Amino acid sequence: MAQVSAARQDSPSLPWLIIACGCLIAGLTFGPRSAMGFFQLPMLADKGWDRETFGMALAIQNIAWGVGTPFFGALADRYGTWRVLALAGVMYAAGMVLMAEATTPGMLHLGAGVLVGLGVAAGSFGIVLAAFARNVPAERRSFAFGLGTAAGSAGMFVFAPLSQGLISAYGWYDSLVVMSALMLVIPVLAIPLRGNSKSGSAQQAVFEQTVGEALREALTHRSYVLLVTGFFVCGFQVAFITAHFPAYIADIGIEARYAVIALALIGFFNIIGSLASGYIGQRWSKPIFLAWIYVCRSIAVTAFLLFPQTPTSVVVFSIVIGLLWLSTVPPTNALVAIMFGTRHLGMLGGIVFLSHQIGSFLGVWLGGYFYDRLGSYDPVWWLGVALGLFAAVVHWPIQEKPAPRPQLAPAE
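Because the structure is a prediction, the values reported are computed rather than measured.

Trainee: I keep staring at a nonpolar patch on the surface and nothing clicks. Help me out?
Mentor: Taken together, the side chains of Phe 157, Val 158, Leu 162, Leu 182, Phe 268, Ile 272 and Leu 323 present a nonpolar region at the surface, about 510 Å² in accessible area. Of all the secondary structure elements, the ones that give two or more residues to the nonpolar patch are helix H8 (141-170) and helix H13 (257-283). With 3 residues, H8 is the largest single contributor of residues to the nonpolar patch. Examined against the element boundaries, Leu 323 turns out to sit in helix H15 (residues 311-324).

Below, the structure written as structure tokens:
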């Protein structure tokens, strides 16, 4: 009995209420924005705008998401996660309503771009996973991050058919209004995640730094800079596919229902990939694992473009890319926590994500830009392949260990 008791102490239980609510928030914030591609064609048909206009709105959304994430992360670190998540739900809802009411491209860019982007930023993975990190022991952190990431994937899986079904039944306008109302549930779900960087049940020995000191340390740390650089590529690849894959499938003459099937499959297999990533990252080298994820993405896109494009190839590609979709998130966030601890994790993880969203901005915008000028998405597909190989090279030398802090060494 003593051995059993000791084993339980060695493997502390997870804070399941915090994890469950955080996972639901991740699903709600990630789901609608991942289904934006379904609104492109019906909305543009009614408004008379071109694809670059819609692409620019989503590009602004991604950059607002990226710029806002470290800012909201720092606010959550200092003032508490609940306040930031509550604000996320309100901004997200307001942005989707304004998107529905848009009568000019400027209104579309403000609603679908700025407000939705800031709403996603305030309720993003970085905010939720930082709350997990403060309440989950370090030895189980990668697994918890995998659960949170998988929940975002589940949101994509649910909202792909839900969005298409709502659009088919009620039109794109009413669909946006319904989804905006769902975002107002987030402040209620966020209550168990209250607390800031100085609270939580998994506190480490605190290394006190100002925000400026934490930024200087991170931005002069080689492995962190490499991590920031490589995560740019993840954003470029996934945002391009999210925004333009439904239209691409229609362009190559495949039935529209396969666009729904494709994004639903990506979301479903992303759940499996995210959970597996959390498990693998807990046991093997995270930088090497990340490098292989990017190599496999490049191989998957190359095969999809070179082989005949049929409904079957769309399904196979969606399954493979789904397994690799957000599998980068658990090891990436875990590496930031290993390097610098949890004191400024919301902000430092947010800066990594800012790089991701700069890539997202370019992936979404360049997709619309090249299509309107060349009538093809191929240049952006192949650019994504090249960037995937670049990311693999960048991640390989990252060191999975804490940043050196001589001042913390014990006195002789």
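Next comes the rest of the account.
Trainee: Can you help me understand the packing of aromatic side chains in this one?
Mentor: Each pair of aromatic rings is reported with the distance of its centres and the angle of its planes. Overall, the coordinates contain 22 aromatic pairs when judged by the stated rule. Ring geometry for Trp 65 against Phe 353: centres 4.9 Å apart, planes inclined by 50°, an arrangement best described as tilted. One end of the pair, Trp 65, is in helix H4 (residues 51-79); the other, Phe 353, is in helix H17 (residues 345-374), and 288 residues separate them in sequence. Summarising the burial analysis for this pair, Trp 65 and Phe 353 share the class buried. A centroid spacing of 5.4 Å and a plane angle of 65° characterise the contact between Tyr 248 and Trp 381, whose relative ring orientation is edge-to-face. Of this pair, Tyr 248 sits in helix H12 (residues 222-251) while Trp 381 sits in helix H18 (residues 378-395), and the two are 133 residues apart along the sequence. Trp 381 carries the same exposure label as Tyr 248, and that label is buried.

Trainee: Explanation requested: the nonpolar core in the structure shown.
Mentor: For soluble globular proteins, the rule of thumb is that nonpolar side chains tend to be buried together. Ranked by size, the top nonpolar core spans 132 residues in total, and within it Tyr 224, Phe 245 and Trp 381 carry the most contacts. A per-element tally of this core places H12 first, with 17 residues. Excluding residues that lie within four positions of it along the chain, Phe 245 makes contacts with Phe 240, Ala 262, Phe 304, Val 314, Phe 317, Ser 318 and Trp 381.

Trainee: Even after reading the chapter, I still don't get H8, so can you show me in this structure?
Mentor: Think of an α-helix as turning once every 3.6 residues; residues three or four places apart then point the same way. Across its 30 residues, H8 extends 42 Å between first and last C-alpha, which sits within 8% of the 44 Å expected from 1.5 Å per residue. The sharpest bend along H8 comes to roughly 30°, located at Phe 159, with the proline Pro 161 sitting one to four residues further on. One or two positions beyond H8, positive phi appears at Gly 171, with a value near 95°.

What counts and how
- Residues numbered from 1 in each chain as written.
- Predicted model: local features only at pLDDT ≥ 70, side-chain atom pairs only at ≥ 80, totals over all residues.
- Heavy atoms only, no water.
- Patch = residues over 30% accessible without salt bridge, like charges linked within 9 Å, V, L, I, M, F, W, Y side chains within 5 Å.
- Areas by Shrake-Rupley, 256 points an atom, 1.4 Å probe, with all protein chains shown as cover.
- Salt bridge = Lys/Arg side-chain N within 4 Å of Asp/Glu carboxyl O.
- Helix = DSSP H or I, 4+ residues; strand = E, 2+ residues; numbered from the N terminus.
- Phe/Tyr/Trp six-rings, centres within 6.5 Å; stacked < 30°, edge-to-face > 60°.
- Buried < 20%, exposed > 50% of the residue type's maximum accessible area, 1.4 Å probe, protein only.
- Core = buried A, V, L, I, M, F, W, Y, C linked by side-chain atoms within 4.5 Å.
- Contact = heavy atoms within 4.5 Å.
- Expected span 1.5 Å × (residues − 1).
- Bend = angle between axes of the 7 residues up to and from the residue.

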